[in-house]
Amino acid sequence: MTRNLSKVASDQSRGEFFAGLFALGCLSGLAARVIQSINKLGWVEAFFETFEVSVLVWVSCAAGVYLVLQDRTIGIRSFELAIGAAFAFLVILPIGALSWLAVTALGFYVIIFTENPSSRRGAFILVATTVPVLWSRLLFQFFADFILRMDASLVGWLLHTPRTGDIVEFADGSGVLVILPSCSSLANMSLAFLCWVTVSRLVDHKRSTHDVFWCLLACASVIAVNVTRMSLMGLSQWHYETFHSDLGAAVSNILMLGLILGCCLLGVRREFFQRI
């Protein structure tokens, strides 16, 4: 029995083995959000809303699994089968956070103990994917008040109106703007970080000291768009209803996505143009 299991494992490429695990982990981690989105919006609208999951997360999951799959090395170590079993046990539990925790752990294992460069690049992307879907949310739980007050301070500074905690007075005095967790810049900053890792690893960008600048520029562009939108909402009741609408949110998201992607592509322009 043990010999047969070892033989099957040795005949399978490491890329197929780990890519399958990562794909299972990502699907399990996103399943709850997908189901909630379908129940809330229906199949058609949920599909066009990308199931209320950022398109960057979907793309990064696919890109990471694709790169890991490129590892054609034959031979899976016996203890890696045990790792795979433990990973599968965690991701089949109906707890999304456990799936992303398992993806994080497996990603670091591949980065540290796998020599194949493509597999390591894919693992980097998959670990980065867990930042917006897990780690930034955990961070927000501990520092929510501070983060929301920072956003409120920037909005109040632009509007020249008083602020109390995460509440900013409208510019015309007709009401107040409450900065809710869903309006925080932190989530979109984590997406900017994810975009940078995904783009740079996909084109096999050579690391340099300028990378920090381009990554921070992408994050700064997110903050600028998000704070500007909230400031426009805080001008008056009419502005609030206009920019808080689905159209206002869509325009804001498209603008942020364009700026994030533009900054990342500029940062890896040499490798990007070599590949096209």
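Just so you know, these numbers come straight off a predicted model, no measurement behind them.

Asks: Describe helix 4 (residues 55-69), naming the residues involved and giving the relevant values.
Replies: With 15 residues, helix 4 should cover 21 Å at 1.5 Å per step; its first-to-last C-alpha distance of 21 Å lies within 8% of that length. For helix 4, the complete set of buried residues consists of Leu-56, Val-57, Ser-60, Cys-61, Ala-63, Gly-64, Val-65, Leu-67 and Val-68. Taken together, the buried residues of helix 4 touch helix 2 (14-41), helix 6 (96-113), helix 7 (117-159), helix 8 (185-202) and helix 11 (246-267).

Asks: If you had to explain a nonpolar patch on the surface to someone new, which residues and values would you point to?
Replies: On the surface, a nonpolar cluster with roughly 580 Å² of combined accessible area is contributed by Leu-139, Phe-142, Phe-143, Phe-146 and Met-150. Tracing the sequence through the fold places Leu-139 in helix 7.

Asks: Tell me about the nonpolar core, residues and numbers included.
Replies: In this structure, Phe-18, Phe-22, Val-57, Phe-87, Trp-100, Leu-126 and Trp-196 are the most contacted members of the largest nonpolar core, which totals 51 residues. Among the secondary structure elements, those contributing two or more residues to this core are helix 2, helix 4, helix 5 (78-92), helix 6, helix 7, helix 8, helix 9 (211-233) and helix 11. Once you skip the residues sitting within four places of it in the chain, Trp-100 turns out to touch Cys-26, Gly-29, Leu-30, Cys-61, Thr-129, Thr-130, Val-133 and Leu-134. One finds Ala-152, Leu-177, Cys-183 and Leu-186 within the second-largest nonpolar core, a separate group that totals 16 residues.

The rules behind the values
- Residues numbered from 1 in each chain as written.
- Predicted model: local features only at pLDDT ≥ 70, side-chain atom pairs only at ≥ 80, totals over all residues.
- Heavy atoms only, no water.
- Helix = DSSP H or I, 4+ residues; strand = E, 2+ residues; numbered from the N terminus.
- Expected span 1.5 Å × (residues − 1).
- Buried < 20%, exposed > 50% of the residue type's maximum accessible area, 1.4 Å probe, protein only.
- Contact = heavy atoms within 4.5 Å.
- Patch = residues over 30% accessible without salt bridge, like charges linked within 9 Å, V, L, I, M, F, W, Y side chains within 5 Å.
- Areas by Shrake-Rupley, 256 points an atom, 1.4 Å probe, with all protein chains shown as cover.
- Salt bridge = Lys/Arg side-chain N within 4 Å of Asp/Glu carboxyl O.
- Core = buried A, V, L, I, M, F, W, Y, C linked by side-chain atoms within 4.5 Å.

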